[in-house]
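Structure at a glance
So the chains spell out like this:
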Number of protein chains: 2
Amino acid sequence: MKKISEAVVRRLPVYLQVLNDLHKRDVQTVSSQELGNKLDLNPAQIRKDLAYFGEFGRKGIGYDVSYLIEKIRQILKLDQPLSVGLVGAGNLGRALCNYNTYLKDNMKITAVFDAHPAVVGSQINSLTVQAMDDLKPKVEELNIVIGIITVPAVEAQNVADRFVDAGVKGILNFAPTILRVPDHIRIHYADFTTELLSLAYYLEKKEEEDDEPAVD
Amino acid sequence: MKKISEAVVRRLPVYLQVLNDLHKRDVQTVSSQELGNKLDLNPAQIRKDLAYFGEFGRKGIGYDVSYLIEKIRQILKLDQPLSVGLVGAGNLGRALCNYNTYLKDNMKITAVFDAHPAVVGSQINSLTVQAMDDLKPKVEELNIVIGIITVPAVEAQNVADRFVDAGVKGILNFAPTILRVPDHIRIHYADFTTELLSLAYYLEKKEEEDDEPAVD
DNA sequence: TAGATTGTTAATCGATTAACAATC
DNA sequence: TAGATTGTTAATCGATTAACAATC
C-alpha cells in the first residue's frame, strides 16, 4: 500500500540479527524500547517500520521474538529458497563462499564462476569453480536470482552485463566502481574501500582547531 | 560551520571514485550535470555537497578534475598517512589485505592480528600475522587509527573492546553483529549478509500481484 | 484496576530538488 | 556578447520523533 522507503528495508535485516540473537538466548518477548536500546534507534521508528508490514506486536506486552523473526523473514523473502551466484573466485570470492553456513535461511551461493582457466575446476568448499560460458545456462538451471561480483573493478561492468543477460534480478557489487544496469535490475554496493574512506573523515583532524578556524 | 550530514560524507568517496576514473581517462573538467549522470544523482545535490567544503568549481566551466580530487582527498584526510590494523586472518581478512594496493592513497593496513596460535607468524603478502598480545603496543607504535574486524560474530565484541582499549579512533566491523563502543569511537558496519538480505526484499515476489492486493 | 506498550496521527526535523543571480 | 554552469536561497519532499488513544 504505502511506499516503503529504502531506509526501512535496510533496517529489517538488522532487526532480524538482533532478534535471532535474543532467540538464541531464549528471550520470549521484546519491546520496541528494548530493541531501540540495543540498536541506538528510536523506539517509535522501530514500531513504525514494523507497522508498514502488519500488526506484529501486542499492546502492553511487546513483540513475540519467534513470531517477529518469522514475519521479518517472510518480508525479506527468506522463507523461500533463494539461489545466489558469484563471479570472481579470488580471495574475496572464496571468503564470501565460506559465509554460506552463515546465510543458511534458504539463501545460498549455489554456483561460482571465474574467467581465468587456471582457476576453473578448483574447489571452494563443496562448490566447483565454473567457466564464464556456463554462467547463463547455470543461472537458468539453478534459478539464480542474485549475482555477486568479486572481480577487479575493470572487469566488473562486463560481469554485470553477463549477469543481467543471464536473467538475475539483483546484483551485489564488491568492486569499487559504479555499474550501469537496466532499471528493472536492483543493484547494491558493498565496496569496503568506500566504507573505509568515509570512516576516515570522522577521525579527528591532526592540527585544525574546532572553534576558531584560521582565516586565510 | 554548518553540520555536515552523514549522507554527504558517504557520497564523497563515490565522487572520488568517479573523478579518479575521469582523471585516468585524461578528462580535465567535469560539470555537476555530467557527474550526476554517471552517479544517478541530482546535479544540485552534488554542487551542494561540494559547497559545504568550499568553492571548488568555476561558474560557466565546471570542476577541474585534478583539483577536485585533491580537495576531496583533503576532506577525507587521505592527504596524510593513515594506518589501519586488522584482526582476523581468515579468508576475509586475507582478502582485504590484498586491497592494500587499491587503497594506496596513504591509507594502508599496516598490521594483522589473530587469536589463533596456529595462524600467528604466517605471512599475508608482506605482513606477518601477529598475536593479540601485540595489538596494543603495535597500535601505539604504528599509530594505527582504524581497526578492521574480520572475526566470527561471537568474538567481534571482544576484539572491538581490545581495539578501543588500544586507542583506535574508528572501527570497521565485518562481523554480522551490532557492537557496543564508547561514544567517541566511530563505528561503521560492512556486513555483506545484511546487504544481501535487504537486496532479497526487492526481488519480485513469487505469487503476489502488484495492482490488486487480495483482501483477507 | 494500574502499568505497560503498541499502532498511528500529528509535529518536527532534515535532506533533496528547483530556481536563479552571479560570473566564467 | 551569448551560453554554460556554479554556489546558494527558497520550496518541496520525505523521514524521524513525539504524543496519545487503544488495549493487553
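Please read all numbers here as calculations on a predicted model, not as lab measurements.

1. Some remarks on the interface of chain A and chain B
- Every contact between the two is made by 64 residues of chain A and, on the other side, 65 residues of chain B.
- Scanning the region where chain A abuts chain B turns up four salt bridges.
- Of the charged contacts in the structure, one is a salt bridge between Arg10(B) and Glu195(A), with a shortest N-O distance of 2.9 Å.
- At the junction of chain A with chain B, the criterion picks out 18 residue pairs in polar contact (both at pLDDT 80 or more).
- When contributions to the side of chain A that touches chain B are tallied by element, the ones reaching two or more residues are helix H1 (6–24), helix H2 (32–39), helix H5 (91–97), helix H6 (100–103), strand E8 (144–149), strand E9 (170–173), strand E10 (186–189) and helix H9 (192–201) of chain A.
- Among the elements that take part in the side of chain A that touches chain B, H9(A) stands out by supplying 10 residues, more than any other.
- Its residues assigned to classes, the side of chain A that touches chain B comprises 39 nonpolar, 11 polar and 14 charged.

2. A word on the protein's contact with DNA strand D
- Surrounding DNA strand D, one finds 24 residues, the nearest of these being Gln45(A), Ser32(B), Arg47(B), Gly57(B) and Tyr63(B).
- A distance of 3.2 Å separates a phosphate oxygen of DNA strand D from a polar side-chain atom of Asn42(A).
- Contact between DNA strand D and Gly60(B): a base oxygen at 3.0 Å from a main-chain N or O atom of the residue.
- At the level of secondary structure, the elements contributing two or more residues to the surface near DNA strand D comprise H1 and helix H3 (43–51) of chain A together with helix H3 (43–51), strand E2 (57–58) and strand E3 (62–64) of chain B.
- The dominant element in the surface near DNA strand D, judged by the number of residues it contributes, is H3(A), at four residues.
- Grouping the constituent residues of the surface near DNA strand D by class yields five nonpolar, nine polar and 10 charged.

3. Here's the deal with the sheet that holds strand E1 (residues 29–30) of chain A
Residues and elements named next belong to chain A.
- Strand order in the open sheet made by the three strands is E1-E3-E2, with antiparallel pairing throughout. Two strands close off the open sheet at either side, each with one partner strand: E1 and strand E2 (57–58).
- Alignment of E1 against strand E3 (residues 62–64), held across two bridges, turns out to be antiparallel. Looking at the pairing, Val 30 lines up with Tyr 63 of E3.

4. Observations regarding the nonpolar core
- Of all hydrophobic cores here, the largest spans 104 residues; its most connected members are Ile148(A), Leu19(B) and Ile148(B).
- Among the elements that take part in this core, helix H1 (residues 6–24) of chain B stands out by supplying nine residues, more than any other.
- Aside from chain neighbours lying at most four places away, what touches Leu19(B) is Val30(B), Leu35(B), Val65(B), Leu68(B), Ile69(B) and Ile72(B).

5. Observations concerning the protein's contact with DNA strand C
- The immediate surroundings of DNA strand C are formed by 25 residues, with Ser32(A), Arg47(A), Gly57(A), Tyr63(A) and Gln45(B) found nearest.
- By atom count, sugar and phosphate contribute 64% of the portion of DNA strand C lying within 4 Å of the protein.
- Within the backbone of Gly60(A), one N or O atom sits 3.0 Å away from a base oxygen of DNA strand C.
- Contacts to DNA strand C include Gln45(B), whose side-chain N or O atom sits 2.8 Å from a sugar or linking oxygen.
- Counting residues per element, the surface near DNA strand C draws most heavily on H3(B), at four residues.
- Residue composition of the surface near DNA strand C, by class: six nonpolar, nine polar and 10 charged.

6. Notes on the UniProt feature "binding site: NAD(+)" (unreviewed entry) in chain A
All names here are of chain A.
- Per the UniProt record, "binding site: NAD(+)" (unreviewed entry) is found at Gly 88, Ala 89, Gly 90, Asn 91, Leu 92 and Gly 93.
- In this view, Ala 89 contacts Arg 94, Val 112, Phe 113, Asp 114, Val 119, Ile 124 and Val 129; residues no more than four positions away in its chain are not counted.
- The class for Gly 90 is partly exposed, based on a relative accessible area of 33%.

7. Brief notes about H3(B)
All names here are of chain B.
- Within H3, burial applies to Pro 43, Ile 46, Asp 49 and Leu 50. End-on, the buried residues of H3 take up no more than an arc of 125°, which puts them together on one face.
- Those residues of H3 that are buried lie in contact with H1, helix H2 (32–39), E3 and helix H4 (65–75).

The rules we used
- Residues numbered from 1 in each chain as written.
- Chains lettered and ligands numbered in written order.
- Predicted model: local features only at pLDDT ≥ 70, side-chain atom pairs only at ≥ 80, totals over all residues.
- Heavy atoms only, no water.
- Contact = heavy atoms within 4.5 Å.
- Salt bridge = Lys/Arg side-chain N within 4 Å of Asp/Glu carboxyl O.
- Polar contact = N/O pair within 3.5 Å; in protein donor to acceptor, adjacent residues only side chain to side chain.
- Helix = DSSP H or I, 4+ residues; strand = E, 2+ residues; numbered from the N terminus.
- Nonpolar A, V, L, I, M, F, W, Y, C, P; charged D, E, K, R; others polar.
- Near = heavy atom within 4 Å.
- Pairing = 2+ DSSP bridges.
- Core = buried A, V, L, I, M, F, W, Y, C linked by side-chain atoms within 4.5 Å.
- Buried < 20%, exposed > 50% of the residue type's maximum accessible area, 1.4 Å probe, protein only.
- UniProt positions renumbered as here; feature names shortened; annotations may be inferred.
- Arc of directions from axis to C-beta.

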